[in-house]
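Listed here are the chains, written in short residue letters.
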Amino acid sequence: MPELGQNQYGKAECRVVRVVRDGAVHHIKDLNVSVALSGDMDEVHLSGSNAHVLPTDTTKNTVYAFAKEHGIASAEQFGIHLARHFVSSQEPIRTARIRIEEYAWDRIETSGEARHSFVRSGRETRTAQISYDGTRWEVLSGLTDLTVLNSTDSEFWGYVKDKYTTLPEARDRILATEVHARWRSGWSDDTLPMPDWERAYAETRGHLLTAFAETYSLSLQQTLYQMGARVIEQRPDIDEIRLSLPNKHHFLVDLEPFGLKNDNEVYFAADRPYGLIEATVLRDGATPRIPTD
Ligand SMILES: O=c1[nH]c(=O)c2[nH]c(=O)[nH]c2[nH]1
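All of these numbers come straight from a predicted model, not from anything done at the bench.

S.K.: Looking at this structure, how should I read the site of the ligand?
M.R.: The local shell around the ligand consists of Phe156, Leu167, Arg173, Ser219, Leu220, Gln221 and Asn247. The separation between an oxygen atom of the ligand and a polar side-chain atom of Arg173 is 2.8 Å. Take Gln221: an N or O atom from its side chain is 2.8 Å from a nitrogen atom of the ligand. Residue composition of the shell around the ligand, by class: three nonpolar, three polar and one charged.

Here you go:
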């Protein structure tokens, strides 16, 4: 009989919006939560017995009930509550993985007292993945689609050239990317003090941005390393960070046919194909655990 391999189940993409009403001043948290549970689930696959199966519908309801009961202090904290609940309340469930995307909203400032209007900010999506096996926690925080651009202080030259190489060397180019980053917290068991996840996120995002802006870049690879290294150096609570940086190429447009000189002023922003630069940066001695795909 063929063997059943790794399996997991749960409700994916539970969209939950939590409003906190502080008088006329409201606060909102907007999450997309995916639950994946695994454990003693052979029978449901092999014989069809559902005796160990907490329905995915229940996992979805739990997300909404927990938003009410516990609130959403941060994506990480919310995921920790959920993962702990599933692993500790259901004997057959041994591990829980909660993936969360958080969408940011900015307040629309008005002249009146009411403060209940928001505009979805064009900022990045925050991400969190919480894994729990009843003993050890693994919290990966991160972000996707943080789009950044340096209009100078970027060069790319001295690379290998073969008979297919046409790329001109650049001594002053635009460097633009959409930062996708995941970082692993050193918080791994309940005896350690719980980090302030909101603050950790804001500060780590800040380090990524300043390192991008302050690095005089000879390649996107070099910028990536500087961004990762800045986070590892500045945040003792983070042992590992993985960055995936698409190189959003900006090509100088040839204006000569129109009798015009292009002095690094007019670019064609290509959306694809794009160079994809990816790497993990680790604290000395740390074991890499963030998946590379
Ligand atoms: O920063 C860069 N790194 C590369 O590896 C590369 N390759 C390329 O064509 N352009 C660039 N830019």
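Right, picking up where we left off after that structure.
S.K.: When you look at empty space enclosed by the protein in this model, what are you seeing that I'm missing?
M.R.: Rolled over the atoms, a probe sized like a water molecule indicates the empty space that remains. Tallied over the full model, the rule gives one cavity of 30 Å³ or more. By volume, the largest cavity is sized at about 70 Å³. Examining the composition of the lining of the largest cavity, we find that three residues originate from one element, helix α4 (residues 197-214), more than from any other. The class makeup of the residues in the lining of the largest cavity is six nonpolar, two polar and two charged.

S.K.: Just to check I follow, could you spell out the packing of α4 against helix α5 (residues 220-234) for this structure?
M.R.: Packed helices, taken two at a time, are described by their axes: the angle between them and the distance between them. Packing of α4 against α5 brings their axes to within 8 Å, and their N-to-C directions diverge by 140°. It follows that α4 is oblique to α5 by the angle criterion. Regarding α4 and α5, the two cross each other, and that crossing is right-handed. Residues Thr204, His207, Leu208, Thr210, Ala211, Phe212 and Glu214 of α4 form the contact with α5, whose own contacting residues are Thr223, Gln226, Met227, Arg230, Val231 and Gln234. Residues that form the contact of α4 with α5 fall into these classes: five nonpolar, six polar and two charged.

S.K.: What should I look at first to understand a nonpolar patch on the surface in this one?
M.R.: A surface patch of nonpolar side chains, amounting to about 300 Å² of accessible area, comprises Trp157, Tyr216 and Leu218. Secondary-structure assignment places Trp157 in the loop between β7 (137-150) and β8 (175-185). Given a relative accessible area of 39%, Trp157 falls into the partly exposed group.

What counts, and where the lines are drawn
Residues numbered from 1 in each chain as written. Predicted model: local features only at pLDDT ≥ 70, side-chain atom pairs only at ≥ 80, totals over all residues. Heavy atoms only, no water. Near = heavy atom within 4 Å. Polar contact = N/O pair within 3.5 Å; in protein donor to acceptor, adjacent residues only side chain to side chain. Nonpolar A, V, L, I, M, F, W, Y, C, P; charged D, E, K, R; others polar. 1 Å grid on protein atoms, 1.4 Å probe; cavity = no way out; pocket = protein on both sides within 12 Å on 5 of 7 lines; lining within 4 Å. Points joined across faces, edges and corners; volume = space filled by probe spheres on them. Helix = DSSP H or I, 4+ residues; strand = E, 2+ residues; numbered from the N terminus. Axes fitted to C-alpha atoms, helices over the stretch in contact; angles between N-to-C directions. Parallel < 35°, antiparallel > 145°, perpendicular 65-115°, else oblique. Left-handed = near helix turned anticlockwise from the far one by under 90°. Contact = heavy atoms within 4.5 Å. Patch = residues over 30% accessible without salt bridge, like charges linked within 9 Å, V, L, I, M, F, W, Y side chains within 5 Å. Areas by Shrake-Rupley, 256 points an atom, 1.4 Å probe, with all protein chains shown as cover. Salt bridge = Lys/Arg side-chain N within 4 Å of Asp/Glu carboxyl O. Buried < 20%, exposed > 50% of the residue type's maximum accessible area, 1.4 Å probe, protein only.

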